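# Chains, contacts and geometry: an overview
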Amino acid sequence: MIYISLKHRFLLVFIGFLAFSSFGQEQTVPRKDKDFRLELEPSSVLLRGFAASCTYNLTKWDDINAGVYFATSDIPGILKEDMFSDVDNTTDVRLGMEFALMTRFKLNMFKNKESNPYVGMILGWEYFDIKQPGQEKLRITTGIATPYIGYEIYFYKQMLYVNPQLRGVYYFGTKSDDSTRPETLVARYLLPQISLGIRL
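As the structure is a prediction and not an experimental result, all values here were calculated from the model. Counting restarts for each chain, with residues numbered from 1 along the sequence as it is written. It should be noted that, the model being predicted, local features are given only for residues of pLDDT at least 70 and side-chain atom pairs only at 80 or more, the latter also being counted only at that level, while totals for whole chains, interfaces and linings use all residues. Calculation of side-chain values draws on the structure's entire complement of heavy atoms; hydrogens and water are dropped beforehand.

Here we come to the overall build of the chain. The numbering of helices and of strands both runs from the N terminus, where a helix is a DSSP run of H or I of at least 4 residues and a strand a run of E of at least 2. The helix and strand inventory of the chain stands at 3 helices and 10 strands. For every residue, the accessible area (1.4 Å probe, protein chains only) is compared with the maximum for its type, and the residue is labelled buried under 20%, exposed over 50%, or partly exposed between those bounds. Out of the 200 residues in the chain, the part that is buried amounts to 45%. Two residues qualify as a contact provided that any one of their heavy atoms is within 4.5 Å of a heavy atom in the partner residue. Pairs at least 24 residues apart make up 64% of the contacts formed inside the chain by residues separated by at least 6 positions. Summed over all atoms, the accessible surface of the chain reaches about 10,900 Å², with 65% contributed by carbon and sulfur. Areas reported as accessible are Shrake-Rupley estimates using a 1.4 Å probe. Residue values count occlusion only from the protein chains shown.

If you want it as structure tokens, here you go:
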């Protein structure tokens with residue numbers, strides 16, 4: 001049996017989205033009358049949280065967007081070992097809050113279509129609460145820098161879209177409120193993500 005990791009599965013899905021978008025959406029003229037983008041990450045709701053962003057178009061070519069990003073959720077077991085050292089499945093880890101600024105540059109590879117790939121950056125601050133059995137809660141705060149690639153795939157009137165992303169997460173300035181505890185953040189890792197968006 002061939003094992004395909006979560007990251008590789010996401011890459012295969014991402015490639016599939018690229019192929020689908022080339023013929024799956026009627027898009028003859030890109031929309032230039034809707035400058036706001038609101039996005040929600042459905043996985044965060046399943047993890048007892050909320051993650052969303054709001055960005056605004058900055059240019060008449062609709063290729064640069066900037067805005068804010070907010071997130072809070074439990075960290076699932078599949079990500080704990082990638083993100084932290086000295087944690088296991090008995091450890092409860094929660095992203096208490098992330099607040100960040102974000103920007104996105106559309107690459108316009110398909111000039112007559114609204115669906116296009118992009119590159120972007122998220123830069124901000126967040127904290128995690130870690131609870132081990134029989135120990136006090138530990139809080140870790142950190143700066144975060146997240147370059148990412150993605151693809152806006154429109155499926156309704158060039159307003160609603162699916163947005164698969166692959167993010168490279170980097171932490172800096174990390175602090176723990178108990179320096180004697182062994183739990184630490186891994187400095188960097190890859191994080192696949194999918195969001196749903198609307199242009200307003």
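Our next topic: the sheet that holds strand S2 (residues 50–57). Here, any two strands with at least 2 DSSP bridges between them count as paired. On the basis of which strands lie adjacent, the closed barrel formed by 8 strands has the order S1-S2-S3-S5-S6-S7-S8-S10 and antiparallel pairing. The average angle at which neighbouring strand axes cross in this sheet is 25°, direction not considered. Pairing geometry for strand S5 (residues 92–106) and strand S6 (residues 116–131), over 14 bridges, is antiparallel. Bridged to Glu 98 within S6 is Glu 126. Comment: axis = line fitted to C-alpha atoms, over the contacting stretch for helices; angle = value between 0 and 180 degrees taken between N-to-C directions.

Along the chain, Gln 132 turns up in the loop between S6 and strand S7 (138–156). The exposure class of Gln 132 is buried, given its relative accessible area of 11%. At 3.1 Å, the side chain of Gln 132 forms a polar contact with the backbone oxygen of Asp 86. Those residues within four positions of Gln 132 in sequence are excluded, and the remaining contacts are Asp 86, Val 87, Thr 91, Arg 181 and Glu 183. We call two N or O atoms a polar contact when they sit within 3.5 Å, provided that within protein one can donate a hydrogen and the other can accept it, with sequence-adjacent residues counted only if both atoms are side-chain atoms.

Moving on, we come to the nonpolar core. In terms of nonpolar packing, the biggest core is built from 25 residues, with Tyr 69, Ile 75, Met 83, Phe 84, Phe 128 and Tyr 171 touching the most fellow members. For this core, the secondary-structure elements that each account for two or more residues are strand S3 (64–74), helix H3 (77–83), S5, S6, S7, strand S8 (160–176) and strand S10 (188–199). Not counting chain neighbours up to four residues away, the residues in contact with Tyr 69 comprise Glu 41, Ala 51, Ala 52, Ser 53, Glu 98, Phe 99, Ala 100, Met 102, Ile 122 and Arg 167. We define a nonpolar core as any set of buried Ala, Val, Leu, Ile, Met, Phe, Trp, Tyr and Cys residues linked to one another through side-chain atoms lying within 4.5 Å.

This paragraph deals with the side chain of Arg 199. Along the chain, Arg 199 falls in strand S10. A polar contact is formed between the side chain of Arg 199 and the backbone oxygen of Lys 34, at a distance of 2.9 Å. Among the polar contacts made by the side chain of Arg 199, one reaches the side chain of Asp 62 at a distance of 3.2 Å.

Take the pairing of S7 next. Note: S6 against S7, 15 bridges, orientation antiparallel. Bridged to Tyr 127 within S7 is Thr 141. Linking S6 back to S7 in an antiparallel pair, the connection comprises 6 residues, with Gly 134 at a positive phi of about 80°. With 11 bridges connecting them, S7 and S8 associate as antiparallel partners. Bridge pairing in S8 links Ile 144 to Tyr 171. Between the antiparallel neighbours S7 and S8 lie 3 residues, among them Lys 157 with a positive phi of about 50°.

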